[in-house]
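One letter stands for each residue in the lines below.
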Amino acid sequence: MTTPIRPPAAYVHGVGAPVVIVPARVAAWLERNASLNQIRINARGADPEVDSVLNALRLAALTWRTAATGSSQAPEPEATRESKWYSTTDAAERLGITDRAVRLAIQEKRLHATNLDGRWRITTEDIEHFKAAKAA
């Protein structure tokens, strides 16, 4: 079910001391995409009203997420999710070397890799270890 798009003025209430009504779905979006949770943690104790509002947004986001997805945990954003395993080509790109150089480093045991069904798989941690050893 989609909700009708409302003009911005529809979310502002009150004249003397206006308040903004934030839908729970928007609170969940802010929490995930604007680091609202980190802002809430960093601002903790600075201003009681800010604490209350940020905690209310957190509660609304958790309530909406649980109802919509069945889980209170926000999924990790796709753009920042890294694979656990990399191919030799992907590792070469991350290391700034050729695919052949990656295979040679594996053969010489300078780069740890796992052979799965005839294909080398390299973890992010192993790539970082190789970079550090190469820099030293």
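As the structure is a prediction and not an experimental result, all values here were calculated from the model.

Conventions we followed
Residues numbered from 1 in each chain as written. Predicted model: local features only at pLDDT ≥ 70, side-chain atom pairs only at ≥ 80, totals over all residues. Heavy atoms only, no water. Helix = DSSP H or I, 4+ residues; strand = E, 2+ residues; numbered from the N terminus. Buried < 20%, exposed > 50% of the residue type's maximum accessible area, 1.4 Å probe, protein only. Patch = residues over 30% accessible without salt bridge, like charges linked within 9 Å, V, L, I, M, F, W, Y side chains within 5 Å. Areas by Shrake-Rupley, 256 points an atom, 1.4 Å probe, with all protein chains shown as cover. Salt bridge = Lys/Arg side-chain N within 4 Å of Asp/Glu carboxyl O.

(A) Structural view of unusual backbone geometry. Phi at Ser35 takes a positive value of approximately 55°, unusual for a residue other than glycine. Note on placement: Ser35 falls in the loop between helix H1 (24-33) and helix H2 (36-43). Even without being a glycine, Asp117 presents a positive backbone phi close to 55°. By the secondary structure assignment, Asp117 is in the loop between strand E4 (114-116) and strand E5 (119-123). In this structure Asp117 comes out as exposed when scored by relative accessible area, which is 82%.

(B) Just a nonpolar patch on the surface, in detail. The grouping of Val12, Val20 and Val22 at the surface amounts to a nonpolar patch, some 230 Å² of accessible area in total. Residue position: Val12 is located in strand E1 (residues 12-13).

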